[in-house]
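So you can see what is in the structure, the chains are spelled out below.
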Amino acid sequence: MASLVPKRRARSLAPLVVLGVVGPVGLFAACGTTPTPGDPVADGSTVGPDTQPSATPVDATADAPTADATLPDATMPDAAVPRVPGQILIENGNAFDGYLSDAFTWLDSRGKARTAALVRNNVRDPSGYTGGYLRQLSYEKPDGTAMVVKGGRADHPGWGYTINHLNGTGNLWSSLYQFGTYRQVLSGPHHVIHEFAFDAAGWPNGPVTIVLHWFFATGKDHPLWSVTYDMTRAQADRLDSDDRAPYGDLAFENGTNGTVDGVAWGDAYKFTTVGAGPVLNGSGWDYTQPNRIPYVHMWSNASDSEMGSVQSVDFTTKDAGGTWLYNNWGRTSANKVVGAGTPANQSMPIEWNWPYQLNQYEISAGETRSKRMAWGLRRGAIGNTLYYGYGDQRQLSGYPYQSHSNYLVLGAKSASAVAGQVAEIEASIDTTFAATRGAVRTAGPEGIARTANAPYAFPGWNAVYGVWELDADAQGAVELTVTPGGAGLHRPVFVIHGFKGTEVPSTITLGTDTLRRDVDFFPSLIKATGTLWLTLGRDVTAPTTLVVSSL
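For clarity, every value in this text was computed on a predicted model and none was experimentally measured.

Asks: Is there a simple way to think about the pattern of salt bridges in this case?
Replies: Side chains that carry opposite charge are capable of pairing whenever their charged atoms lie near each other. Across all of its chains, the model carries 27 salt bridges by this definition. Its salt-bridge partner being Arg394, residue Asp319 comes within 3.6 Å of it at the nearest N-O pair. Separated by 75 residues along the polypeptide, Asp319 in the loop between strand 20 (305–311) and strand 21 (331–332) and Arg394 in the loop between strand 24 (387–388) and strand 25 (395–396) bring together distant segments of the chain. The buried category is assigned to Asp319, whose relative accessible area is 4%. A salt bridge links Arg441 to Asp471, with the nearest nitrogen and oxygen atoms 3.0 Å apart. Here Arg441, found in the loop between strand 28 (439–440) and strand 29 (443–445), pairs with Asp471, found in strand 32 (residues 467–471); they are 30 residues apart in sequence, far enough to count as distant. The class for Asp471 is partly exposed, based on a relative accessible area of 24%. Beyond isolated ion pairs, a larger network of salt bridges with shared partners links Asp513, Arg516, Asp520 and Arg538.

Have a look at this one:
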């Protein structure tokens, strides 16, 4: 597909320099080999190797003080209050492999427990970094196999931190080098949002405030990770950065040191390797199928496991990916467009020309077991008032905010966990509503830690948290017919504003069925704001009327 803008002049990628507020104790090990000067790299590239620092981080300071009493522990629910059935269990201050973490245990769509451990970001962790990421997640596969997925490398000890290459130089800033704050901004029985925040004062041409949210909900398999880069204190068009968050490395194959047997991603098209694996630079691939929902994906055959990151809205609404591999949209490795980013002497694209960073740098070094997985937004997505989105077909704004949300998907390859999450988002954005009482919201903030509203691309669909936003009528009731898209909605989450009751209703109705609280639906009532969060404990596969009334 031809570019609608002139091809940019190639540039060389200088050695990467890590910039931040505090320096790590351990070294940030190389992801790959830095191209030599003169190697062609697209000017819009997001994907270059992340090497160990070659300069002292900016404003290096000593370790941060230990947590103080004003942080989340002081505001947890009273332990004497009886737990409701299936309530999310929050365990603050647990040590996972020595990593001081807050752990969240919830019941997934099969009623099986999953536990996620998020490392605190106000103390130095055992890897020498500053926390603010997921260290471990445990779950059960459909065949009953218990899976414990954790950070498998000291230099990349988990998943969900930020990495940005700055000012077109490749210089690196990461939240792994930045102490910050943490708290729970929502702590309902069945819905929890945990926040990490960083004041990136050491960012050249900054400062930038970075806020991360993790959203857990009873009945949902996969937690949702969200980010906002707030650049309102920085000058426009000075940061000129890409975005690879969420970034990290998880041994998703249960820590067996298994090979990565396939990788895939989606932008406007679906790219997937073909063959039994492991993935090598000689692996064949197919990039011919159109795609709607951006994602990245890798899998291991021996352990029947996979990992993915899936965006909460479509590619047309929210850009994803980088570099210039889009000239191979609609092609395969057998008829690829040969060029600087897709050479004739290997099947796979050159490392820096993958739209998202996966394990390409390790593959080039002969390593087939790296579980690296990151996102990708082009240079300028952080800080430029205008930048070209992936495909060079539209100009977008990366200032004064940049926000996006991604599901962390872990599951059995045989169960197609990643494809299932992609299909769930496709069905969600194709769903429509007809309200008899109350109304479907048509606008809301475009990201976490933002207040200004913007129209929703799909009425009712809040892609920030992957929920449906509704307004109750004057009596605090909602009645609407849900017409699901695709194969139907899988355990949908609704947020009802203007709820008048002081207690959660004991029943709601879905079609002709009466649903029971904490059995068939899972509510969290925020009385102070009159906001009712609820997850349906069943799928909606045909037009169905939902009725929720205040007591």
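Asks: Mind showing me how you'd approach the pairing of strand 16 (residues 262–266) here?
Replies: When you tally the buried positions in strand 16, you get five out of five residues, the bulk of the element. Side chains Gly262, Ala264 and Gly266 project from strand 16 onto one buried face, and the interleaved Val263 and Trp265 project onto a second face that is buried too. Here three bridges tie strand 16 to strand 17 (residues 269–274), and the two strands are oriented antiparallel to one another. The residue of strand 17 that forms the bridge with Trp265 is Phe271. If you look at the hairpin formed by strand 16 and strand 17, you'll find two residues sitting between the two strands.

Asks: Please clarify how the packing of aromatic side chains should be interpreted in this entry.
Replies: Given two aromatic rings, their pairing is described by the distance between the two centres and the angle made by the two planes. What the rule picks out here adds up to 26 aromatic pairs. Between Trp173 and Trp203, the ring centres sit 5.5 Å apart and the planes meet at 10°, which makes this aromatic pair stacked. With Trp173 in strand 9 (residues 171–174) and Trp203 in the loop between strand 11 (191–200) and strand 12 (208–217), this pair connects stretches of sequence that are 30 residues apart. In terms of burial, Trp173 and Trp203 fall into one category: buried. Through a chain of ring-to-ring contacts, the aromatic side chains of Phe104, Trp106, Trp159, Trp214 and Phe216 assemble into a single cluster. Of note, Arg394 hangs over the ring of Phe315, and the distance from its end group to the ring centre comes to 5.0 Å.

Asks: Would you mind going over the sheet that holds strand 35 (residues 507–510) with me for this structure?
Replies: Strand pairing in a sheet relies on backbone hydrogen bonds, with the paired strands running either antiparallel or parallel. Pairing is antiparallel across the open sheet formed by five strands, whose spatial order is 27-33-39-35-36. The open sheet has two edge strands, strand 27 (432–437) and strand 36 (513–516), and neither has a second partner. Averaged over all pairs of adjacent strands, the angle between their axes in this sheet comes to 25°, without regard to strand direction. Where strand 27 and strand 33 (residues 478–483) come together, five bridges link them in antiparallel fashion. Pairing of Arg437 across the sheet is with Glu479, part of strand 33.

Asks: Explanation requested: the pairing of strand 2 (residues 89–96) in the structure shown.
Replies: A regular strand places its side chains so that they alternate between the two faces of the sheet. As defined by bridge partners, strand 2 adjoins strand 3 (residues 99–107) across six bridges and the pair is classed as antiparallel. The partner of Asn94 across the bridge, within strand 3, is Ser101. Linking strand 2 back to strand 3 in an antiparallel pair, the connection comprises two residues, with Asp97 at a positive phi of about 55°.

Asks: Explain the side chain of Gln311 here, please?
Replies: Residue position: Gln311 is located in strand 20. In this structure, Gln311 is in contact with Ile293, Pro294, Lys318, Asp319, Ala320, Trp375, Ser405, Asn406 and Ile425, ignoring residues within four places of it in sequence.

Asks: Before we go on, may I ask you to explain the nonpolar core in this structure?
Replies: The nonpolar side chains of a soluble globular protein tend to be buried with one another. Of all hydrophobic cores here, the largest spans 67 residues; its most connected members are Trp203, Ile210, Trp214, Tyr229, Trp265, Tyr287 and Leu408. Apart from residues lying up to four places away in sequence, Trp214 is in contact with Leu118, Leu134, Trp159, Gly160, Val192, Ile193, His194, Phe196, Pro223, Leu224, Trp225 and Leu408. Of all hydrophobic cores here, the second largest spans 54 residues; its members include Ile193, Leu224, Trp461 and Val464.

Asks: Please explain the sheet that holds strand 10 (residues 181–187) as it appears in this structure.
Replies: Here we have 11 strands laid out as an open sheet, ordered 10-11-12-13-26-20-19-16-17-18-21, and antiparallel in their pairing. Sheet topology places strand 10 and strand 21 at the edges, where each strand pairs with a single neighbour. As defined by bridge partners, strand 16 adjoins strand 19 (residues 295–300) across five bridges and the pair is classed as antiparallel. When the sheet's bridge partners are listed, Gly262 is paired in strand 19 with Trp299. Where helix 2 (residues 417–429) meets the sheet, it contacts strand 19, strand 20 and strand 26 (401–411), and its direction lies at approximately 20° from that of strand 20.

Asks: Help me understand the environment of Asp155 in this model?
Replies: Inspection of the secondary structure assignment puts Asp155 in the loop between strand 6 (146–150) and strand 7 (159–161). Classification of Asp155 by relative accessible area gives buried; the value is 7%. Linking Asp155 and Asp249, residues 94 residues apart in sequence, is a C-alpha distance of 9.2 Å. Among the polar contacts listed, one links the side chain of Asp155 to the side chain of Arg153, at a separation of 2.8 Å.

Asks: What exactly am I supposed to notice about helix 2 here?
Replies: In an α-helix there are 3.6 residues to a turn, and that puts residues three or four apart on one side. Over its 13 residues, helix 2 runs 19 Å from end to end, which matches the ideal 18 Å to within 8%, given 1.5 Å per residue. Within the sequence span of helix 2, burial applies to Ala417, Val418, Gln421, Val422, Glu424, Ile425, Ala427, Ser428 and Ile429. Looking at the buried side of helix 2, the elements it contacts are strand 19, strand 20, strand 26, strand 31 (461–462) and strand 32.

Asks: So what exactly am I meant to see when it comes to unusual backbone geometry here?
Replies: In most cases, non-glycine residues show a negative phi, while peptide bonds are predominantly trans. Between Gly206 and Pro207 the backbone carries a cis peptide bond, its omega angle lying at 5°. Examined against the element boundaries, Pro207 turns out to sit in the loop between strand 11 and strand 12. A cis amide bond links Ala245 with the next residue in sequence, Pro246, at an omega value of 0°. Note on placement: Pro246 falls in the loop between strand 14 (241–243) and strand 15 (247–249). Phi at Asn257 takes a positive value of approximately 60°, unusual for a residue other than glycine. With respect to the helices, strands and loops of the structure, Asn257 is situated in the loop between strand 15 and strand 16. With a relative accessible area of 48%, Asn257 lands in the partly exposed category.

Conventions we followed
Residues numbered from 1 in each chain as written. Predicted model: local features only at pLDDT ≥ 70, side-chain atom pairs only at ≥ 80, totals over all residues. Heavy atoms only, no water. Salt bridge = Lys/Arg side-chain N within 4 Å of Asp/Glu carboxyl O. Helix = DSSP H or I, 4+ residues; strand = E, 2+ residues; numbered from the N terminus. Buried < 20%, exposed > 50% of the residue type's maximum accessible area, 1.4 Å probe, protein only. Pairing = 2+ DSSP bridges. Phe/Tyr/Trp six-rings, centres within 6.5 Å; stacked < 30°, edge-to-face > 60°. Lys NZ or Arg CZ within 6 Å of the ring centre and 35° of its normal. Axes fitted to C-alpha atoms, helices over the stretch in contact; angles between N-to-C directions. Contact = heavy atoms within 4.5 Å. Core = buried A, V, L, I, M, F, W, Y, C linked by side-chain atoms within 4.5 Å. Polar contact = N/O pair within 3.5 Å; in protein donor to acceptor, adjacent residues only side chain to side chain. Expected span 1.5 Å × (residues − 1).

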